[in-house]
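Given next are the chains, with one letter for each unit.
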Amino acid sequence: MARQPQTRPGGRLKTERITMTQALVRHLAALRVELDDGTLLPYCGGVWSIFGHGNVAGLGEALWAERRSLATHRAHNEQGMAHAAIAYAKANFRRRIMAVTSSIGPGATNLVTAAALAHVNRLPVLLLPGDTFASRAPDPVLQQLEDFHHGDLSANDALRPVTRYFDRLMRPEQVLTALPRAIQVMTDPALCGPVCLALPQDVQTQAFDCPLDFLHPAPIRLRRPEPDAGELAHAIAALRAARRPVIVAGGGVLYSGASEALAALALHSGIPVAETQAGKSSLAWDHPMNLGAVGVTGSPAANELAREADLVLAVGSRLQDFTTGSHTLFTGAKLLSLNVQAFDAAKWHGQSLVCDARVGLTRLAAETRGWAADPAWTDRARAAAATWNARVTELTLAAPTGAAPYDAEVIGAVRDSAPDSPQRDIAVCAAGTLPAELHKLWRAANPGGYHVEYGYSCMGYEIAGGLGVKMARPDAEVIVMVGDGSYLMMNSEIATSVMLGRKLIVVVLDNRGYGCIQRLQTATGGAHFNNLLQDCVPEGGHDVRIDFAAHAASLGAEAVHVDGIPALKAAMQRARAATRTQVIVINTTHTRTTDDGGCWWEVAVPEVSQRPEVNDAHALYRAGKQNQRL
């Protein structure tokens, strides 16, 4: 029986005797976050759980008790449910989170890939894996990892290098400090990322006298760090000295809610904007200063002006190799990095402006009134943006050749299936050829209308991530575009979306294998080997023909295989009108891609090979490195 709340001499409530996990869950259920307009929302949007050995009796009981104030959702794969939680946070621009709990062994290690994804992308998620007994009385327990030299090691230690904060709670009262610290990391704009509280199963069930104020936490108010006065002055001087500046908008623009500030600076200063994978949708696709995608998967408009710029203002970008062309794209420009994280702001020997993106852009706009880029540069940027938008329309119209369509034509069909309501669409993707084509060709009308995980480029993220997006943005039409390879890696959350009544539209592009990496293989001189299904059948093996529509239907979705682009458009219109998750499968070719745009990307090629094609590719590789800025 639970002890009655203890009181101070004056009669005020002081403590309540509850278990560690009851305290954790009640704190999460009560926690609110204050948005910019003053609205208070629950900070934790729910808990994903696959119960098992190590979390069902302790944390599971606590979640059941608070099920009306903190929803618990069952999934089918621990990695998938963590992907959904991460996508939920990304779709909420890092202002809200979900938690994920697993059993102590394979369930916990299934979280490692998702944690790495969140770490790379600077996205918050609260991981709550069960752990072995703190008492060690029953050791070794089922699923326990035993290390011959470290008695305190468990499978959860695999999460240490891929989380921003890790703690193992060895006593129940440690939750009073560990949970607030974890939340502090997730809500810190510079430190934001995944956190892990490993919960030994005996400690989960142990009671302590919990202070009542822990169960009624104050609302979270998210910080917007101001710039250092000296750094700001130097940044203003650098911007004013530029004649051919380009802004590279990264994910930090979206997470800061800085789209309006970015648009204002671009317009009044005549500075063109290029978008990274994480930053795409920072500006509406038809904004006159939006050059489109930049980098390896970039548009010709953005990359051409980036090469000729004398200043690149990178806002909220990690400056990964796909953005910089492996450091060959901005070689003639001064780099000014506006970033809330000093680590990112100092990359590539750039000039730093460490602050919140919205604050920084607003201050730069205010302090550069009366200054503008060279008018000829601005005019050229506007013309390049308009030309590229016309080209996008051309590229995404299917040619009636009778051949299998390629990704651009599928993207056009999906887009044109809703000419009257494209603003509701959110495209979700992660790996393969599709991110390159979507980066160039998807038209995002509003911030967040493009949701592509390309920091980790994790195959299998797409469907689970789409579910997380739908839970964050229930009024949006969430369209998951996924290749057959990624679909086969992780598809079980189709069943979860049906179970939860969260409708997705999943478009599966079947090119019979890992078509993207097969093209890279041959581009670097390699032979067709171990990528396309037709190349993977050994003697005595059998050709595999997968009916993706039948498979999706077996998971509860309404599914159809279509032949050609006209049938895809018709199926998309039906899917938009439906209420249950829809899966549309179409055969595509991996041999065609959009040639427009792009730039060099460093992929190391062997110096010595028996294949002449590899030797030729190595010569091209060495030539490309000559343009690389170190």
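Residues numbered from 1 in each chain as written. Predicted model: local features only at pLDDT ≥ 70, side-chain atom pairs only at ≥ 80, totals over all residues. Heavy atoms only, no water.

Draft legend 1. Up close: the nonpolar core. Judged by nonpolar contacts, the single largest core of 88 residues is most densely connected at Leu338, Val410, Leu438, Val507 and Leu568. For this core, the element with the highest residue contribution is helix α15 (residues 375–395), accounting for seven residues. Other than its neighbours up to four places away in sequence, Val507 contacts Val410, Val414, Ile479, Val480, Met481, Val482, Leu568, Met572 and Ile584. Of all hydrophobic cores here, the second largest spans 55 residues; its members include Phe93, Leu117, Ala118 and Leu254. (Core = buried A, V, L, I, M, F, W, Y, C linked by side-chain atoms within 4.5 Å. Buried < 20%, exposed > 50% of the residue type's maximum accessible area, 1.4 Å probe, protein only. Helix = DSSP H or I, 4+ residues; strand = E, 2+ residues; numbered from the N terminus. Contact = heavy atoms within 4.5 Å.)

Draft legend 2. Molecular detail of unusual backbone geometry. In this model, Asp139 is joined to Pro140 through a cis peptide bond whose omega is -5°. By the secondary structure assignment, Pro140 is in the loop between β8 (125–131) and β9 (165–168). Phi at His327 is positive, roughly 70°, even though this residue is not glycine.

Draft legend 3. Quick peek at the packing of helix α16 (residues 407–416) against helix α17 (residues 434–441). Packing of α16 against α17 brings their axes to within 10 Å, and their N-to-C directions diverge by 55°. Here α17 runs oblique to α16, going by the angle between their axes. When you trace α16 past α17, the crossing you get is right-handed. Residues Asp407, Ala408, Ile411 and Arg415 of α16 touch α17, and the partners they reach there are Leu434, Glu437, Leu438 and Leu441. Residues belonging to the contact of α16 with α17 are distributed by class as follows: five nonpolar, no polar and three charged. (Axes fitted to C-alpha atoms, helices over the stretch in contact; angles between N-to-C directions. Parallel < 35°, antiparallel > 145°, perpendicular 65-115°, else oblique. Left-handed = near helix turned anticlockwise from the far one by under 90°. Nonpolar A, V, L, I, M, F, W, Y, C, P; charged D, E, K, R; others polar.)

Draft legend 4. Just the sheet that holds strand β6 (residues 72–74), in detail. Pairing in this open sheet of six strands is parallel, and the strands run β6-β5-β7-β8-β10-β9 from one edge to the other. One side of each edge strand has no neighbouring strand; the edge strands of this open sheet are β6 and β9. For this sheet, the mean inter-axis angle between neighbouring strands, taken without regard to orientation, is 20°. Bridging between β8 and strand β10 (residues 194–200) involves five bridges; their strand directions are parallel. Directly across from Asp131, in β10, lies its bridge partner Pro200. (Pairing = 2+ DSSP bridges.)

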